[in-house]
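Architecture and fold: a report
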Amino acid sequence: TADDTSLTSPLAVGTGVKVVSTQKLFTQGGLVATDNSLDLAIDGEGFFQALLPDGRVGYTRDGAFSRNAEGLLTTASGYVVQPEIQIPEGTNEINVSSDGIISVMLAGQADPQEVGQIALANFVNPQGLQAIGESFLIETVASGAPIEGNPRSAGFGKLSQGFLEGSNVNVVQQLVNMIETQRAYEVSSKSISAVDEMMRFLSNNL
């Protein structure tokens, strides 16, 4: 009934339920094609890094990037991706390889020019990250320090240009879980009714 008290009778009812803990699921979501050259999806492990307004580094799986007025690669919220990558003026085409190398085709040039490398971060315990909104997570003591690396190296996933990662919720599985929970509730309800009938019988016959 509280943190320091508990009921000893298994027949007690009406005490309600309490959420003990929640956890974040970082399973892979489906990739959705957008045909936008600055949309990137991580196929595998890792998080993009961005500099937050308060100076902290935020971590996200949202790869809907764009360019700001200075040409820097930014997130949808306007935070600069780390390490900083600047797209030059006059860029006609942007290509991002699966290992995170960004190259551009400038007007009047025949060969692509490499302008930066996207780095990913991962954690020993991603479930320990703290959500702060806008699809961003920050480091905590529980998550441990970030481990940085390039895509397709040291266990990091690869990048897919022109894709965004969709929801990792499996609708069918969640529906099955809801049905199981409903059936478990019905069994518990019938058990309570059976106990009530037994108590009524004892009360009337003893």
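Here, the structure is the one placed above.
The present account deals with the structure reproduced in this document.

Each value, and the rule that gives it
Residue numbering note: each chain is counted from 1, following its sequence as written. Confidence filtering applies because this is a predicted model: local features only for residues at pLDDT of at least 70, side-chain atom pairs given and counted only at 80 or more, and all residues used for totals across whole chains, interfaces and linings. Side-chain numbers come from the whole structure's heavy atoms, not from hydrogens or water. Residues form patches when they are more than 30% accessible in relative terms and have no salt bridge. Like charges link within 9 Å. Nonpolar side chains (Val, Leu, Ile, Met, Phe, Trp, Tyr) link within 5 Å. Surface exposure here means Shrake-Rupley accessible area, sampled with a 1.4 Å probe, where a residue is shielded only by the protein chains that are shown. We define a salt bridge as a side-chain nitrogen of Lys or Arg found within 4 Å of a carboxyl oxygen belonging to Asp or Glu. Numbered from the N terminus, helices here are DSSP runs of H or I no shorter than four residues, and strands are runs of E no shorter than two. The cut-offs for exposure are 20% and 50% of the maximum accessible area for each residue type, with area from a 1.4 Å probe on protein chains only; residues under the lower value are buried, those over the upper are exposed, and the others partly exposed. At least two DSSP bridges between two strands are required for those strands to pair. Pairs of N or O atoms are called polar contacts if they sit within 3.5 Å, as long as, within protein, a hydrogen donor faces a hydrogen acceptor (for residues adjacent in sequence, only side-chain-to-side-chain pairs). Should any heavy atoms of two residues lie within 4.5 Å, those residues are counted as being in contact. To obtain an axis, a line is fitted to C-alpha atoms, over the contacting stretch when the element is a helix, and the angle between two such axes runs from 0 to 180 degrees between their N-to-C directions.

1. With respect to a nonpolar patch on the surface
A cluster of nonpolar side chains, contributed by Met199, Phe201, Leu202 and Leu206, occupies part of the molecular surface with about 490 Å² of accessible area. Along the chain, Leu202 turns up in helix H1 (residues 171–205). By relative accessible area, Leu202 is classed as partly exposed at 43%.

2. Section: the pairing of strand S11 (residues 130–133)
Here S11 runs beside strand S12 (residues 136–138); their pairing, made up of three bridges, is antiparallel. Residue pairing across strands places Gln130 opposite Ile138, the latter belonging to S12.

3. Notes on the side chain of Ser143
Its place among the elements puts Ser143 in the loop between S12 and strand S13 (147–149). Residue Ser143 is classed as buried on the basis of its relative accessible area of 1%. Within the structure, the side chain of Ser143 is placed 3.0 Å from the backbone oxygen of Thr140, a separation counted as a polar contact. With near-sequence residues (within four places) excluded, Ser143 lies in contact with Phe123, Val124, Asn125, Gly128 and Leu129.

4. A few points about unusual backbone geometry
The residue after Gln82, namely Pro83, is reached through a cis peptide bond having omega -10°. Tracing the chain through its elements places Pro83 in the loop between strand S6 (73–74) and strand S7 (91–96). A positive phi angle, close to 65°, is found at Ser135, a residue other than glycine. Within the secondary structure, Ser135 is located in the loop between S11 and S12.

5. Points about the sheet that holds strand S8 (residues 101–106)
Sheet architecture is open: three strands sit in the order S7-S8-S9, paired in antiparallel fashion. A strand with exactly one partner marks an edge of an open sheet, and here the two such strands are S7 and strand S9 (113–117). Strand-to-strand twist in this sheet, taken as the mean axis angle between neighbours without regard to direction, amounts to 25°. Here S7 pairs with S8 via five bridges, running antiparallel. Bridging from a neighbouring strand, Glu93 pairs with Met105 of S8.

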